[in-house]
Amino acid sequence: MSSLSSKSIITTIGVILILHSAYSCLHYRSLAIVADIPDTSSPPLDVVIEVILAFGLCLLGQLMCGTFHEVKVSSKEGKRRVEIVAPAFRSRDFDLFTTKARALADAKRA
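This one's a predicted model, so the numbers in the text were calculated from it and none came from an experiment.

(A) Summary view of helix α1 (residues 6-34). With 29 residues, α1 extends 42 Å from end C-alpha to end C-alpha; this agrees with the ideal 42 Å at 1.5 Å per step. Taken together, the buried positions of α1 are occupied by T11, G14, S21, S24, C25 and A32. Positive backbone phi, at 60 degrees, marks D36, one or two positions downstream of α1.

What follows is the structure, given as structure tokens:
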């Protein structure tokens, strides 16, 4: 049997707690419907605390991976500093040709 690291054990406990809190919330809502409790828009406090604790455990388990590595930006240009820019869209689907302000201004003029 393979040995599990403390990182994977902590992360597994966090995931199990998140799944349990989801089940608890669904169970609470089903009981609230039967008991005719009018406001079930927010989950109970114990579920919220359990989710926060589970998120913290998952985060801790992933941060325990070891030392952080330095991020180095290098360019093929030698020692010259090059600004990193996100690539342009491959399609023009997200271009805005008319903004809401321009459309309202055109509507007022008409």
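That was the structure; now back to the text.
(B) Summary view of the packing of α1 against helix α2 (residues 45-63). Look at α1 against α2: their axes get within 8 Å of each other, and the N-to-C directions meet at 160 degrees. Judged on the interaxial angle alone, α2 and α1 are roughly antiparallel. The interaxial crossing formed by α1 with α2 has left-handed handedness. Across the interface between the two elements, K7, I10, T11, I13, G14, V15, L17, I18, H20, S21, S24 and C25 from α1 touch V47, E50, V51, L53, A54, L57, C58, L60, G61 and Q62 from α2. Among the residues making up the contact of α1 with α2, the classes are represented as 13 nonpolar, 7 polar and 2 charged.

(C) Highlighting α2. The end-to-end C-alpha distance of α2 is 27 Å, a good match for the 27 Å that 19 residues give at a rise of 1.5 Å each. Those residues of α2 that sit buried are V47, E50, A54, C58 and G61. Along α2, the residues classed as buried sweep out an arc of 70 degrees about the axis, all on the same side. Exposed and oriented more than 90 degrees from the buried face of α2 are L45, I49, I52 and F55. Those residues of α2 that are buried are in contact with α1.

(D) Fine view of the environment of A22. Structurally, A22 is set in helix α1. A sequence separation of 21 residues divides A22 from P43, and the C-alpha atoms of the two residues are 9.8 Å apart.

(E) Quick peek at the pattern of salt bridges. Tallied over the full model, the rule gives 1 salt bridge. With a closest N to O distance of 3.4 Å, R109 and D106 form a salt bridge. One end of the pair is R109 and the other is D106, both in helix α3 (residues 100-109) and 3 residues apart, which spans about a single turn. Taking the relative accessible area as the measure of exposure, D106 reaches 32% and is therefore partly exposed.

Thresholds applied
- Residues numbered from 1 in each chain as written.
- Predicted model: local features only at pLDDT ≥ 70, side-chain atom pairs only at ≥ 80, totals over all residues.
- Heavy atoms only, no water.
- Helix = DSSP H or I, 4+ residues; strand = E, 2+ residues; numbered from the N terminus.
- Expected span 1.5 Å × (residues − 1).
- Buried < 20%, exposed > 50% of the residue type's maximum accessible area, 1.4 Å probe, protein only.
- Axes fitted to C-alpha atoms, helices over the stretch in contact; angles between N-to-C directions.
- Parallel < 35°, antiparallel > 145°, perpendicular 65-115°, else oblique.
- Left-handed = near helix turned anticlockwise from the far one by under 90°.
- Contact = heavy atoms within 4.5 Å.
- Nonpolar A, V, L, I, M, F, W, Y, C, P; charged D, E, K, R; others polar.
- Arc of directions from axis to C-beta.
- Salt bridge = Lys/Arg side-chain N within 4 Å of Asp/Glu carboxyl O.

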